[in-house]
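Now for the letters of each chain:
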Amino acid sequence: MHKYAHVLDLDHYLEVLTRKPGAMAGATALVAARASGAFTPIHQKFWDKARHQLGDGAGTRALIGVLLLARTLPATAVIEAMETAIAAADYDLDRLAVAARANAAFAPIVTQLPEELTDRVVHLPERGAPSLAGYDQLLVGAR
C-alpha cells in the first residue's frame, strides 16, 4: 500500500451498504473485489438466487450479511455454507451462519512452516496426565 493510494476494499463499505443495499450493484469496491477474486462466482450465484427469491433489497442484505460473516469465520466455511444454502434455496442468514460456524468448527487448521524454520522446531517429550496427589496430601493435613 502506498501513501495517497486509493484502497477499495468492499469490506470497508458493508455497514453503509446494509442501509443502502441498492448501491451494492454499482459499487466500485464490488468491481475491485471481483477483480481481486475476493468476490467469487459462488458469491455472485448466492446473490442472484437470493435476489430472485427474496427481492433485490432483501437478497442484497442477505449477501451483505454473508460478507460480514466472513470477517469472523474462515472463507472456506462461509463458501460451503453458501453452497448449501443455494442447493436448499434457503437464504436465511441465521441458518447460513449456523452452518458456516459448524463448517468452521470441523475445518482442519493447517499451517505451513517456512522451510528455513524447520530446523528450529522443538519436540517436547510426551508426558502423562498431571497428578493431584500433592493436593490430596494438603487436604489430609488440614483435617
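Shown above is the structure to which this text applies.
Predicted model only: the values in this text are computed from it and were never measured. Along each chain, the written sequence defines residue order, and numbers are assigned to residues from 1. Residues qualify for local features only when their pLDDT is at least 70, as the model is predicted, and side-chain atom pairs are given and counted only at 80 or more; totals for whole chains, interfaces and linings, by contrast, use all residues. Neither water nor hydrogens contribute to the side-chain values; these are computed over all heavy atoms in the structure.

Draft legend 1. Summary view of the packing of helix α3 (residues 41–54) against helix α4 (residues 56–69). Axes here refer to lines fitted to C-alpha atoms; in helices the fit is confined to the stretch in contact. Angles between the N-to-C directions go from 0 to 180 degrees. The way it works is that DSSP assigns letters per residue, a run of H or I at least four long becomes a helix, a run of E at least two long becomes a strand, and they are numbered from the N terminus. Between α3 and α4, the shortest axis-to-axis distance is 7 Å and the interhelical angle comes to 145°. Considering the relative orientation of α3 and α4, their crossing is right-handed. Of the residues in α4, those in contact with H43, F46, W47, A50, R51 and L54 of α3 are D56, A58, G59, T60, A62, L63, V66 and L67. Residue polarity follows a fixed list, in which Ala, Val, Leu, Ile, Met, Phe, Trp, Tyr, Cys and Pro are nonpolar, Asp, Glu, Lys and Arg are charged, and the others, Gly among them, are polar. For the contact of α3 with α4, the residue count by class is nine nonpolar, three polar and two charged. Should the near helix be turned anticlockwise from the far one by less than a right angle, the crossing is left-handed, and should it be turned clockwise, the crossing is right-handed. When checking whether two residues touch, look at their non-hydrogen atoms; a contact exists if any pair is within 4.5 Å.

Draft legend 2. Just the packing of aromatic side chains, in detail. When two rings of Phe, Tyr or Trp (its six-membered ring) have centres within 6.5 Å they constitute a pair, described as stacked for plane angles under 30 degrees, edge-to-face for angles over 60, and tilted for the intermediate range. What the rule picks out here adds up to two aromatic pairs. Taken together, a centroid distance of 6.2 Å and an interplanar angle of 85° make the contact between F39 and W47 edge-to-face. Accessibility here uses a 1.4 Å probe with only protein chains present; expressed as a share of the type maximum, an area under 20% marks a residue as buried, one over 50% as exposed, and anything in between as partly exposed. Take F39: its relative accessible area is 5%, and that puts it in the buried class. Taking the centre distance of 5.3 Å and the plane angle of 70° together, the rings of F46 and Y91 count as edge-to-face. Of the two residues, F46 is situated in helix α3 and Y91 in the loop between α5 (75–88) and α6 (93–105); the sequence distance between them amounts to 45 residues. Judged on exposure class, the residue F46 and its partner Y91 are both buried. A cation over a ring is seen here: R51 above W47, with NZ or CZ 4.2 Å from the ring centre. In this scheme, Lys NZ or Arg CZ marks a charge over a ring once it lies within 6 Å of the ring centre and within 35 degrees of the ring normal.

Draft legend 3. Quick peek at α3. Take the number of residues in a helix, subtract one, and multiply by 1.5 Å to get its expected span. Between the first and last C-alpha of α3 there are 19 Å, a value that for 14 residues agrees with the 20 Å anticipated at 1.5 Å per step. Residues of α3 that are buried include every one of H43, F46, W47 and A50, and no others. Along the axis of α3, the buried positions cluster into a sector of 100°, meaning they face one direction only. α3 presents P41 and H52 as exposed residues on the side facing more than 90 degrees away from its buried surface. In the core, the buried residues of α3 are packed alongside α2 (28–36), α4, α5 and α6. Looking at the residues trailing α3, positive phi occurs at G55, about 100°. The arc in question is traced by the directions running from the helix axis to the C-beta atoms.

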